[in-house]
Amino acid sequence: MQRPPLDEFALKETSPKIVGAGAITGDKLTSTYDLVEQMQYLYVRVVKAKELPGKDVTGSCDPYVEVKLGNYKGVTRHFEKKTNPEWNHVFAFSQDRLQASFVEVLVKDKDVIVDDFIGKIQFDLNEVPRRVPPDSPLAPQWYRLEDKKGDKIKTGEIMLAVWKGTQADEAFPDAWHSDAATVGREGITNIRGKVYLSPKLWYFRVNVIECQDLLPGEKNRIPDVAVRVAVGNQAMRTKVAKGVNPMWNEDFVFVTAEPFEEPLVIFVEDRVGSNTEVLGKCVIMLSNVPRRFDHKAVPARWHNLEKHTLVEGEKKETRFASKIHLRLCLEGGYHVLDESTHYSSDLRPTSRQLWKSSIGLLELGIISATGLSPMKTRDGLGTTDAYCVAKYGPKWVRTRSIVGSTTPKWNEQYTWEVFDPHTVITVGVFDNGHIHGGGKDSVIGKVRIRLSTLETDRVYTHSYPLIILQTSGVKKTGEVQLAVRFSCTSFFNMLHKYTQPLLPKMHYAHPLSITQLDMLRHHANQLVAMRLGRAEPPLKKEVVDYMLDVGIHIWSVRKSKANFYRIMNCLSGLIAVGKWFEQICHWKNPFTTILIHVLHVILMIYPELILPTVFLYLFLIGIWRWRWKPRHPPHMDIQLSHAHAVGGDELDEEFDTFPTSKGSDLVRMRYDRLRSIAGRIQTVVGDLATQGERFHSLISWRDPRASALFVTFCLIMAIVLYVTPFQVLGLLVGFYILRHPRFRHKLPSLPVNFFRRLPARTDCLL
């Protein structure tokens, strides 16, 4: 397989014609549409009509409005037998494609064969007023309809508003656009831009304690009882306990979403041979479950069990004396991980009561794309109907779909509040499969940008390569041009965030196991995809899964190689120091060896200079490397991902289904087991590589604020350790390390919090 040239996948800095590309001040925090190029539109709002003349035999009409501008024509829906219709429809014509000097608004009567003409209004484009937000919307006015000769008709008026504006106009998102003229009126909804909100997710903890006075089917038999707990499509089962008063005290954690549509269903089951008998059932609505925001326990309650009985062939539920002891709570102190922790865009707890104030503003301008690969065939030619999806926190945004263009221009701008700089915004580009076919939306590529790698109040304008991995190898499917600005409202609060725990307190006070987190993340992804898929227009499951990196933990030889080389790259510095020291020991450079001997003697005579020298050296190295700090945000690196040299067999394995569809049943079982184990190893190796890269980022200025804090700390420590006796420092450090557990906290220490917030190269992995 031929390797693609690496320059093709490079990040490119661009210079779009945007307002925000110049100097940025604090006033820009409230600006809108200054990160995209201005696009000029002619807007026509058709509000309603009155006293339209009848054209049918009955004296009524089926009116609709047709707006014509050159070769472009927009049509409203028609009303049956209504002389006073109300449409309230907006048409937007791009001025880049204007082919006429006037716009016509025609009112017609819908007919079976030929539509009848009712009247028209014509506007000269040179006389149309211009509106620039935040000006108030232009008030619509009544116009007397004219006949084909230009004379006023006796009855019939239409209320219109015609103005020139940009994409910043509030009418822009819901308008009919001339660049989508080939899409029918019924399909307009599926190409409009929309803003979505993820459902509010909660962890739901169920503690099954015991049952009381169970009634088995056979009175003289000791039952083998287990409790099955189900919430929607999530179900778990306790261990088997014997007796009519069994005890378990087992915890189960589910994930659920507001509004709570699915109840908790408890089944108490008795295993009789290979069969299962339901001894009792309990249904609890989640809206009645108490909510917990901290580590304090919620009191347990007894719940009556119900049993199904057959009376004349019909199922009836009857209450009886059996009870079950449960402790239920919705836990708002956790952050529900619905995306990979490496690429998380939100680290806040579920409960809004525990949220801190925001630290800044993230503004994203989605400008355009170039060189997009044709994703479908229409009229014998390859074409693409591209749109972008951006996710940050609970807010998803979707641009309008540009129909039939491989070089679409969106020029749409969106804003998010930022609560933590250690977060990632993900921008994906997709092909709209609903247009002229109704198929799945195809993936074109995505971009990840970590906020901590951005300097505050600076506009980044780059063209990002869109890269996807296929069975035939890595492929560039185009480039997307973005403008990003991270504005800080409180620099002190931002620096304070580096000392705080990465996740909410509950994750450390009552940690969840890795297995639990994997299972809960899977169910959370399903809930988010289901809820967003029910929106109008729907955000399809394949789009949500791709944005949330569903299936990222599946075993892949390529990913394992990439993580291995990441570790080797981190260890290369230590290996280089070892080789250098070996050269010192072998007197390869006598002058350097003599200097090291002198330094060694000085440090041994004055041991209190060891630590100040080390910190001073790190401070000087950090300041020296500031000159070469990265000037561009990170992007996907095919070399780092080991995607440029992967073999065909490895790609075939990576794109294989899970469970595998290859080979016999025995091979399938062994193969799946190997992939599962290897996936765990791959994750561990990746985490080790992440820690090493975080060490390297201390003085690499990848995160300018973290590096500034670290080099300042090194300078302060160099001064403090210089004036502090080494023996006193050693005693203090020893006493601190050996301190009593009473003086320890479950929350991680300040250095650990700082270290976990340092950026790694996980953002650049494909």
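You'll find the structure just up there.
So, a few notes on the structure that sits alongside this text. (Residues numbered from 1 in each chain as written. Predicted model: local features only at pLDDT ≥ 70, side-chain atom pairs only at ≥ 80, totals over all residues. Heavy atoms only, no water.)

What follows deals with the overall build of the protein chain. Within the protein chain, the secondary structure is distributed over 12 helices and 31 strands. With respect to the principal axes defined by its C-alpha atoms, the protein chain has extents near 105 × 90 × 55 Å. Within the protein chain, buried positions represent 49% of all 766 residues. Within the protein chain, contacts between residues at least 6 apart in sequence are counted, and of these 72% link residues at least 24 apart. Per element, the accessible surface of the protein chain, about 38,700 Å² overall, is 57% carbon and sulfur. Considering the protein chain, the positive charge centre built from 99 side chains and the negative charge centre built from 82 side chains are found 5 Å apart. (Helix = DSSP H or I, 4+ residues; strand = E, 2+ residues; numbered from the N terminus. Buried < 20%, exposed > 50% of the residue type's maximum accessible area, 1.4 Å probe, protein only. Contact = heavy atoms within 4.5 Å. Areas by Shrake-Rupley, 256 points an atom, 1.4 Å probe, with all protein chains shown as cover. Lys, Arg positive; Asp, Glu negative; His and termini not counted. Charge placed at Lys NZ, Arg CZ, Asp CG, Glu CD.)

All chains considered together, the criterion is met by 18 aromatic pairs. Seen in terms of ring centroids, phenylalanine 123 and tyrosine 143 are 5.2 Å apart; in terms of plane orientation they differ by 90 degrees. Their pairing is edge-to-face. One end of the pair, phenylalanine 123, is in strand β7 (residues 116–124); the other, tyrosine 143, is in strand β8 (residues 141–146), and 20 residues separate them in sequence. Take phenylalanine 123: its relative accessible area is 14%, and that puts it in the buried class. Among the residues examined, tyrosine 143 registers a relative accessible area of 25% and is labelled partly exposed. Measuring from ring centre to ring centre gives 5.5 Å for phenylalanine 564 and tyrosine 565, while their planes differ by 70 degrees; the resulting arrangement is edge-to-face. Assessed through its relative accessible area of 47%, tyrosine 565 is described here as partly exposed. Of note, arginine 348 hangs over the ring of tryptophan 355, and the distance from its end group to the ring centre comes to 4.0 Å. It is lysine 395 that lies over the ring of tryptophan 416; its NZ or CZ is 5.4 Å from the centre. (Phe/Tyr/Trp six-rings, centres within 6.5 Å; stacked < 30°, edge-to-face > 60°. Lys NZ or Arg CZ within 6 Å of the ring centre and 35° of its normal.)

As a further point, take empty space enclosed by the protein. Under the definition given, this model contains 6 cavities of 30 Å³ or more. Considered as a void within the structure, the largest cavity measures approximately 80 Å³ in volume. Elements with a contribution of two residues or more to the lining of the largest cavity: β16 (247–257) and α3 (514–533). For the lining of the largest cavity, the per-class residue count stands at 5 nonpolar, 3 polar and 3 charged. (1 Å grid on protein atoms, 1.4 Å probe; cavity = no way out; pocket = protein on both sides within 12 Å on 5 of 7 lines; lining within 4 Å. Points joined across faces, edges and corners; volume = space filled by probe spheres on them. Nonpolar A, V, L, I, M, F, W, Y, C, P; charged D, E, K, R; others polar.)

Take the sheet that holds strand β30 (residues 459–470) next. Taken in spatial order, the 5 strands line up as β1-β30-β31-β22-β27 in an open sheet, and their pairing is antiparallel. A single partner strand is all that each edge strand has here, and the edge strands are β1 (12–13) and β27 (409–418). Pairing between strand β22 (residues 360–370) and strand β31 (residues 473–488): 10 bridges, direction antiparallel. Among the inter-strand pairings, glycine 365 is bridged to a residue of β31, identified as alanine 483. (Pairing = 2+ DSSP bridges.)

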